Amino acid sequence: MAFALARAASSRASHWSVKSFHSSSTSLHGVKHVGVLGAGQMGLGIALVAANVSKLPVLLLDTNEAQLNKGMKFMDSLLKKDIAKGRLTEAQAEETRSRVKTTQNMADFSNVDFVIEAVSENPALKATLFRDLAQATPKHAILASNTSSISITKIAAAAKGREEQVIGMHFMNPVPVMKLVEIIPGLATSNEVLRTTKDLAVAMGKTCTVSQDVPGFVANRLLMPYINEAIIAYETGIATKEDIDTTMKLGTNMPMGPLTLADFIGLDTCLAIMKVLHEQLGDTKYRPSVLLNKMVDAGWVGKKSGRGFYVY
Ligand SMILES: NC(=O)c1ccc[n+]([C@@H]2O[C@H](COP(=O)([O-])OP(=O)(O)OC[C@H]3O[C@@H](n4cnc5c(N)ncnc54)[C@H](O)[C@@H]3O)[C@@H](O)[C@H]2O)c1
């Protein structure tokens, strides 16, 4: 194959596979080119599914060149794995791969119809980028954020003149595997933008739910306090981390325990979400655990850094 499928698989590859859904026949309301902003674990997964399942050309932007290279290597390893398992032919994998281009320059988004932003969970960073996206993209382009918890209305306010076209499109991790997209209209989001966003999510093989624009929406309003409480249980010595994880995994039939899940999500992302819940809802029950803060300070942010509650 033209691309380097023979490269060593990234450590994340063992948990992901591309899966070839058939693209939906749903009309995409003129969405022909997708831009993905941020090539971390979520942005990479979103780009891959947009290219492989909805079969749209994708321009993947990250300011960090090393992250872009790492992401594309990871994409190659996922495609290689799907060829090996008979889920994709070599030709299909090559087509998918050829649909994804990379850039470090937002000016290259001048031709996209739909942007999905997946940069770090930082309100100030997202505001700056949506201000810039409103300038760099065509006037008709929809600007979606994959934020886990930040107000869509607030993000939209930064995209001056484009508020009606800003929406939350919250994918789950890992994107190629997880079937849900939570969709969050902001105060100004138009019904047409909501419809197009749902149709794109369906074309990407996903099932949609809609949430009000409240801190954490539905998924993280419920999930993050659970993870935070598991970290508090560990730091106060209620049980070992292994026993906390095994209790919840086997005791409540979860695919993985809360501390393992926190490592997969990224402890920096977990902390950022808890801060949004705590600040916006003002209830001490959402206070991030001291240990979570310390681990992020230490750079032990989970699987993506090689160390979190467990070592990878
Ligand atoms: N990790 C999860 O389980 C999960 C699930 C759903 C949603 N999310 C959300 O998705 C978003 C991304 O999370 P992630 O886990 O992929 O994080 P990540 O740390 O893996 O990736 C973030 C990426 O953003 C890039 N970035 C930072 N500043 C940038 C800029 N100015 N321009 C372009 N790129 C920039 C970084 O280089 C990095 O590649 C966050 O908003 C997060 O809350 C995460």
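As a convention, each chain's residues are numbered from 1 in the sequence order in which they are written. Owing to the predicted nature of the model, reporting of local features is limited to residues with pLDDT of at least 70; listing and counting of side-chain atom pairs is limited to 80 or more, with chain, interface and lining totals taken over all residues. Note that the side-chain values use all heavy atoms of the structure and ignore hydrogens as well as water.

In the annotation of an unreviewed UniProt entry, the entry for the protein chain reads 3-hydroxybutyryl-CoA dehydrogenase, and the organism field reads Linnemannia elongata AG-77. Of the protein chain, the UniProt comment under Pathway (unreviewed entry) reads exactly: "Lipid metabolism; fatty acid beta-oxidation." As recorded by UniProt, the Sequence similarities (unreviewed entry) comment attached to the protein chain reads in full: "Belongs to the 3-hydroxyacyl-CoA dehydrogenase family." UniProt positions are given in the numbering used here, feature names are shortened, and annotations may be inferred rather than shown by experiment.

A few words now on the nonpolar core. The nonpolar core is taken to be a set of buried Ala, Val, Leu, Ile, Met, Phe, Trp, Tyr and Cys residues, with the residues joined through side-chain atoms within 4.5 Å. Relative accessible area decides the class of each residue, using a 1.4 Å probe on protein chains only: under 20% of the type maximum gives buried, over 50% gives exposed, and in between gives partly exposed. Counting 44 residues, the largest nonpolar core has L60, M169 and F171 as the members making the most contacts within it. Elements are defined by DSSP. Helices are runs of H or I of four residues or more, strands are runs of E of two residues or more, and each kind is numbered from the N terminus. Considering each element in turn, this core owes the most residues, eight residues, to helix α1 (residues 41-52). Whether two residues are in contact is decided by their heavy atoms, any of which lying within 4.5 Å being enough. Once you skip the residues sitting within four places of it in the chain, M169 turns out to touch F114, I116, A144, S145, N146, V181, E182, T197, L200, A201 and M204. Judged by nonpolar contacts, the second largest core, of 23 residues, contains L59, L61, V112 and V166.

Before going further, it helps to spend a moment on the UniProt feature "domain: 3-hydroxyacyl-CoA dehydrogenase NAD binding" (unreviewed entry) in the protein chain. Here the UniProt-annotated "domain: 3-hydroxyacyl-CoA dehydrogenase NAD binding" (unreviewed entry) positions come out as residues 33-213. For residues 33-213, the end-to-end C-alpha separation is 27 Å, with 42% helix and 20% strand making up the annotated structure.

The next thing to look at is helix α6 (residues 191-203). For α6, with 13 residues, the first-to-last C-alpha span of 18 Å sits near the 18 Å given by 1.5 Å per residue. Taken as a whole, α6 has its buried residues at V193, L194, T196, T197, D199, L200, A201 and A203. At its buried positions, α6 is contacted by β4 (114-117), β5 (142-145), β6 (166-171), β7 (180-185) and β8 (207-210). Positive phi shows up at G205, right after α6, with a value of about 85°. To estimate the expected span of a helix, count its residues, drop one, and scale the result by 1.5 Å.

Here we come to the pairing of β4. In β4, alternate side chains face the same way, and those of F114 and I116 on one face and V115 and E117 on the other are all buried. Pairing analysis gives four bridges linking strand β1 (residues 34-37) to β4, with the strands arranged parallel. The residue bridging L37 from the neighbouring strand is E117, located in β4. At least two DSSP bridges between two strands are required for those strands to pair. The pairing of β4 with β5 spans four bridges and is classified as parallel. Residue I116 lies in a different strand from β5, and its bridge partner there is A144. With its strands directed away from the observer, a crossover is right-handed exactly when the path from the first strand over the helix to the second travels clockwise. Assessed by its sense of winding, the connection that carries the chain from β4 through helix α4 (residues 123-136) to β5 is right-handed.

Turning our eyes to something else, we now look at the sheet that holds β8. Pairing between sheet strands relies on hydrogen bonds along the backbone, with the strands arranged either parallel or antiparallel. On the basis of which strands lie adjacent, the open sheet formed by eight strands has the order β3-β2-β1-β4-β5-β6-β7-β8 and mixed pairing. Each end of this open sheet is capped by a strand with a single partner; those strands are β3 (100-103) and β8. On average, adjacent strands in this sheet sit at an angle of 25° to one another, irrespective of strand direction. In the sheet, strand β2 (residues 58-61) pairs with β3 via four bridges, with the strands oriented parallel. For L61, the partnering residue across the bridge sits in β3 and is T103. Interaxial angles span 0 to 180 degrees and are taken between N-to-C directions of axes, which are lines fitted to C-alpha atoms, for helices over the stretch in contact.

A few words on helix α2 (residues 65-84). Spanning 20 residues, α2 covers 29 Å between terminal C-alpha atoms, matching the ideal 28 Å at 1.5 Å per step. Buried residues along α2 sit against α1, β2, α3 (90-99) and β3. At the N-terminal end of α2, a side-chain oxygen is found 3.0 Å from the backbone nitrogen of A66, two or three residues along, and the residue is N64. A positive backbone phi angle near 80° is found at G86, which sits one or two residues after α2. What qualifies as a polar contact is a pair of N or O atoms within 3.5 Å, subject to a donor-acceptor requirement within protein and to the restriction that residues adjacent in sequence count only when both atoms come from side chains.

This next bit is on the packing of helix α8 (residues 241-251) against helix α9 (residues 258-265). The N-to-C vectors of α8 and α9 enclose an angle of 100°; their axes lie 7 Å apart at closest approach. Of the possible angle classes, the one that applies to α8 and α9 is roughly perpendicular. Listed contacts from α9 to K241, I244, D245 and M248 of α8 are P258, L259 and T260. Residues are sorted three ways: Asp, Glu, Lys and Arg are charged, Ala, Val, Leu, Ile, Met, Phe, Trp, Tyr, Cys and Pro are nonpolar, and all the rest, Gly among them, are polar. Of the residues assigned to the contact of α8 with α9, the class counts are four nonpolar, one polar and two charged. An angle below 35 degrees is read as roughly parallel, one above 145 as roughly antiparallel, one from 65 to 115 as roughly perpendicular, and any other as oblique.

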